[in-house]
Amino acid sequence: MAIRKVARLGHPVLRQVAQPIPVNEITMDPVQRLIRDLTETMVEYDGVGLAAPQIFEPLRAFVMYVPPDPDAGFPGVPLTAWINPRLTIREGNTSLGWEGCLSIPDLRGKVERPLAVEISGLGPDGAERTVRYEGFPAVVAQHEFDHLDGVVFLDRMKDMSTLTYLREYERYWHTIDEDEEG
Ligand code: NI
């Protein structure tokens, strides 16, 4: 296992369409190592999600973990790894929320996203599953899924006037539950 370097905006790997992982390779060492490295790197940098292209692997896999917030009655999202995921929008109404990205350090911006999505795909054991995400976890799932298609949150911003450096974000815009990046 290893904490990996995170690709920064400008590296071509972040703009590629990532390739599916062959199903018969999922339980083999290289893919298992990829999932472990994604997880360790996400945890190290306090991310709520991390996609394989962000550690220079143009493959269709991402991990996510959203800690619970008992005060808000939010159960969190357990550590989850998705391989060859598919995304379906389940609630077309949108919300506008702050996003950050470990590949775009020190910046935050507001992105409009559908309120609920469903992700289907394979787990690290190779088994197919489907999970519905709502609210902030839906944002994380969409943000990470975008990375697999070479899309970053800046591309999703309809109004660039909210683009903010982290220091100014914390000074003028920060609220407790909006300080996550993937
Ligand atoms: Ni990101």
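Look above for the structure.
Predicted model, so just to flag it, every value in this text is computed and none were measured.

1. With respect to helix H1 (residues 29–44)
End to end, H1 covers 22 Å across 16 residues, agreeing with the expected 22 Å (1.5 Å per residue, within 8%). Each element contacted by the buried residues of H1 is listed here: strand E1 (49–51), strand E2 (61–66) and strand E3 (77–101). Asp46, located one to two residues past H1, shows a positive phi value of around 60 degrees.

2. Examining the pairing of strand E5 (residues 128–134)
Relative to E5, strand E4 (residues 104–122) is paired through seven bridges, and the arrangement is antiparallel. For Val117, the partnering residue across the bridge sits in E5 and is Tyr133.

3. Describing the packing of aromatic side chains
Summed over the entire model, instances satisfying the criterion amount to two aromatic pairs. Seen in terms of ring centroids, Trp98 and Tyr169 are 5.1 Å apart; in terms of plane orientation they differ by 70 degrees. Their pairing is edge-to-face. Taken together, the positions of Trp98 in strand E3 and Tyr169 in helix H4 (residues 166–173) put the pair 71 residues apart, joining distant regions of the chain. An identical accessibility class is assigned to Trp98 and Tyr169; each is buried. Arranged with centres 6.0 Å apart and planes meeting at 45 degrees, the rings of Trp98 and Trp173 form a pair that is tilted. Highlighted residues: Trp98 in strand E3 and Trp173 in helix H4, separated in sequence by 75 residues. Judged by relative accessible area, which is 47%, Trp173 ranks as partly exposed. Of the aromatic side chains, those joined through ring pairs into one cluster are Trp98, Tyr169 and Trp173. Directly above the ring of Phe145 sits Arg60, whose terminal nitrogen or CZ lies 5.9 Å from the centroid. In this arrangement the basic side chain of Arg129 is found over the ring face of Trp82, its NZ or CZ atom lying 4.5 Å from the centre.

Thresholds applied
Residues numbered from 1 in each chain as written. Predicted model: local features only at pLDDT ≥ 70, side-chain atom pairs only at ≥ 80, totals over all residues. Heavy atoms only, no water. Helix = DSSP H or I, 4+ residues; strand = E, 2+ residues; numbered from the N terminus. Expected span 1.5 Å × (residues − 1). Contact = heavy atoms within 4.5 Å. Pairing = 2+ DSSP bridges. Phe/Tyr/Trp six-rings, centres within 6.5 Å; stacked < 30°, edge-to-face > 60°. Buried < 20%, exposed > 50% of the residue type's maximum accessible area, 1.4 Å probe, protein only. Lys NZ or Arg CZ within 6 Å of the ring centre and 35° of its normal.

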